Amino acid sequence: MAYDKELAAAIKAASLAARLCRKVQKALLQSDVRSKHGRNKSPVTVADYGSQALVSFVLQQEFPGEFSLVAEEDSIDLRKDGGGEIVERITKLVNESLTSDGSYGVSLSSEDVLKAIDSGKSEGGSQGRHWVLDPIDGTKGFVRGDQYAVALALLDRGNVVLGVLACPNLPLTSISVAHPHSPNNEVGCLFFAEVGRGTYMQLLDGSSTVKVQVSAVENPEEASFFESYESAHSMHDLSSLIAQKLGVKAAPIRMDSQVKYGALSRGDGAIYLRFPRNGYREKIWDHAAGSIVVTGNTYLS
Ligand SMILES: Nc1ncnc2c1ncn2[C@@H]1O[C@H](COP(=O)(O)O)[C@@H](OP(=O)(O)O)[C@H]1O
Ligand SMILES: [Mg+2]
Ligand SMILES: [Mg+2]
Ligand SMILES: [Mg+2]
C-alpha cells in the first residue's frame, strides 16, 4: 500500500525510542527532569530529548531529502549555560540505542544530536507530507513511573495517514477498571495503523502482531471511560458530570498520555473524555497518532 515504507520506518524509529525511554525510566534521576522555558512550565527529561533525536535521525536516514518533522521539543534550554552535561548524557543514550540496533553504523556528536532535535521545527500544514512526533507523551506519567507513549504520525496533505504508538508500560491484556496495573501482567505494546489497512498491536520487539477492534458496547450503562490522570489537563468534575448524564456507571479509568487511545483501540474501554481548561490550545502531536490508531478500522470494507 501507499505508505508501507513510511510505516516500517515509523515502527522502527518509535521502537528504538521506546527502548531508550524504558532504560531512562528505570534509572530515573531527579536531575534528569528539567522545567521547560516559557510561562507554562511542563517537565522534560533526557528521555524526551533522546527519543526526539533518535526518531528524527532514523527518519532522516530512511527518507533523505524529503523531510519535514513537527515535534514537541527543541534545543533552546540545552544550549543554555550549564546544559553541556545533560547534552552529553542524551548523546550517550542516543548512541547506545543506535549501537544496540546496529542498522546505521554511526556515532553522533553532541552537535548532531542537538541538530536532530531541532529538525523537528517544521510548521507542518496542509500541503505535502509532514511527520508529527511527541517523543514522550505523558512526561508527567513517565516521571511518576506510570504510563507514557512515543507517538509518531504522518500527515499527507493535511490528513493523518499512519500512526504508531509505542506504549512501554501498557499491559498486553485488557486494563480493567478493577485492575489497571495488574502486577503479573506483561507490559509493553506498540499500536500501528495505516489509512485503509486497520489497526494492529504487537509487542515492542515486533512479535505477536494482532488486529485490534474498538469496543462494540453501545449502551453507555455498560461502557467505561478514560480520562487524563492529571486534573490540570482535563476537568475531572466536568467529565464525571457528562458521564453521569450519559448514564455511564463505571468509575473513570485515569491514565496519562495517548496510551488511552491505544487502550480504546483494543476495546479496554469505550469512551475517552477530555475537557482542557479554558485557554489551553491542544497540540497536534498530542492526538495525531492516537486518532488514527482509534479510527484505523473505520473505513475498511
Ligand atoms: N493545561 C493542559 N491542558 C490540557 N493538556 C495539557 C495541559 N498541559 C499539558 N497538556 C498536554 O497533555 C499531554 C498529556 O496528555 P494526558 O493529559 O492525556 O496525559 C501533555 O503531553 P506531554 O506529556 O507530551 O507534554 C501536554 O501536551
Ligand atoms: Mg511536554
Ligand atoms: Mg504530549
Ligand atoms: Mg511530550
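Scoring rules and cut-offs
- Residues numbered from 1 in each chain as written.
- Chains lettered and ligands numbered in written order.
- Predicted model: local features only at pLDDT ≥ 70, side-chain atom pairs only at ≥ 80, totals over all residues.
- Heavy atoms only, no water.
- UniProt positions renumbered as here; feature names shortened; annotations may be inferred.
- Pairing = 2+ DSSP bridges.
- Helix = DSSP H or I, 4+ residues; strand = E, 2+ residues; numbered from the N terminus.
- Right-handed = clockwise from strand over helix to strand, strands pointing away.
- Patch = residues over 30% accessible without salt bridge, like charges linked within 9 Å, V, L, I, M, F, W, Y side chains within 5 Å.
- Areas by Shrake-Rupley, 256 points an atom, 1.4 Å probe, with all protein chains shown as cover.
- Salt bridge = Lys/Arg side-chain N within 4 Å of Asp/Glu carboxyl O.
- Near = heavy atom within 4 Å.
- Polar contact = N/O pair within 3.5 Å; in protein donor to acceptor, adjacent residues only side chain to side chain.
- Nonpolar A, V, L, I, M, F, W, Y, C, P; charged D, E, K, R; others polar.
- Core = buried A, V, L, I, M, F, W, Y, C linked by side-chain atoms within 4.5 Å.
- Buried < 20%, exposed > 50% of the residue type's maximum accessible area, 1.4 Å probe, protein only.
- Contact = heavy atoms within 4.5 Å.
- 1 Å grid on protein atoms, 1.4 Å probe; cavity = no way out; pocket = protein on both sides within 12 Å on 5 of 7 lines; lining within 4 Å.
- Points joined across faces, edges and corners; volume = space filled by probe spheres on them.

Per an unreviewed UniProt entry, the recorded name for the chain is 3'(2'),5'-bisphosphate nucleotidase, and the organism is Gossypium mustelinum. The Sequence similarities (unreviewed entry) field of the UniProt record for the chain holds the comment "Belongs to the inositol monophosphatase superfamily." Listed in UniProt under the heading Cofactor (unreviewed entry), the comment for the chain reads: "Mg(2+)".

Asks: Before we go on, may I ask you to explain the pairing of strand β10 (residues 225-228) in this structure?
Replies: Regular strands have side chains that alternate between both faces of the sheet. Relative to strand β12 (residues 271-272), β10 runs parallel, the two sharing two bridges. What sits directly across from Phe 225, in β12, is Ile 271. Bridging between β10 and strand β11 (residues 253-255) involves three bridges; their strand directions are parallel. Counterpart to Ser 228 in the pairing with β11 is Met 255. Where the polypeptide runs from β10 across helix α6 (residues 236-246) and back to β11, its parallel neighbour, the crossover connection is right-handed.

Asks: Looking at this structure, I do not really get a nonpolar patch on the surface. What am I missing?
Replies: Side chains of Leu 238, Leu 241, Ile 242 and Leu 246 sit close together on the surface and give an oily, nonpolar patch of about 300 Å² of accessible area. You can see Leu 241 is positioned in helix α6.

Asks: Help me out: how do you make sense of the site of ligand 1 in this one?
Replies: Around ligand 1, 16 residues are found, and the nearest of them are Ser 228, His 233, Ser 257, Lys 260 and Asp 286. At 3.0 Å, a backbone N or O of Ile 136 approaches an oxygen atom of ligand 1. Protein chains shield 86% of the accessible area of ligand 1, which is 560 Å² for the free molecule. The biggest single contributor to the shell around ligand 1 is strand β4 (residues 129-137), with three residues. Within the shell around ligand 1, the residues separate by chemical class into four nonpolar, five polar and seven charged.

Asks: Explain the nonpolar core to me, please; I cannot follow it from the model alone.
Replies: Here is a general trend for soluble globular proteins: nonpolar side chains tend to be buried in one another's company. Of all hydrophobic cores here, the largest spans 54 residues; its most connected members are Leu 78, Val 94, Trp 131, Val 150, Leu 152 and Val 164. With 12 residues, the single largest contributor to this core is helix α1 (residues 4-26). Residue contacts for Val 150: discarding those within four places in its chain leaves Ala 14, Ala 17, Ala 18, Cys 21, Ser 51, Leu 133, Asp 134, Pro 135, Val 164, Leu 165 and Ala 166. If you look at the next biggest cluster of nonpolar residues, it comprises 28 residues, including Cys 167, Ile 253, Val 259 and Ala 289.

Asks: I would appreciate a short explanation of the layout of surface pockets in the present structure.
Replies: Any empty space left between atoms is shown by rolling a water-sized probe over those atoms. Roughly 150 Å³ of internal volume is contained in the second largest pocket. In this structure, the second largest pocket is lined by Arg 281, Glu 282, Lys 283, Ile 284 and Trp 285. Each residue belonging to the lining of the second largest pocket can be placed in one class, and the counts come to two nonpolar, no polar and three charged.

Asks: Which parts of the structure should I look at to understand the UniProt feature "binding site: Mg(2+)" (unreviewed entry) in the chain?
Replies: The UniProt feature table records "binding site: Mg(2+)" (unreviewed entry) at Glu 72, Asp 134, Ile 136, Asp 137 and Asp 286. Across 215 residues, the annotated set stays spatially compact, with a maximum C-alpha separation of 9.7 Å. With respect to the helices, strands and loops of the structure, Glu 72 is situated in the loop between β3 (69-71) and α3 (84-101). Leaving out residues up to four positions away in the same chain, Glu 72 has contacts with Lys 36, Gln 52, Leu 133, Asp 134, Pro 135, Ile 136 and Trp 285. Looking at the element boundaries, Asp 137 is found in strand β4. Judged by its relative accessible area of 8%, Asp 137 is buried. Apart from residues lying up to four places away in sequence, Asp 137 is in contact with Tyr 148, Ala 149, Ser 257, Gln 258 and Asp 286.

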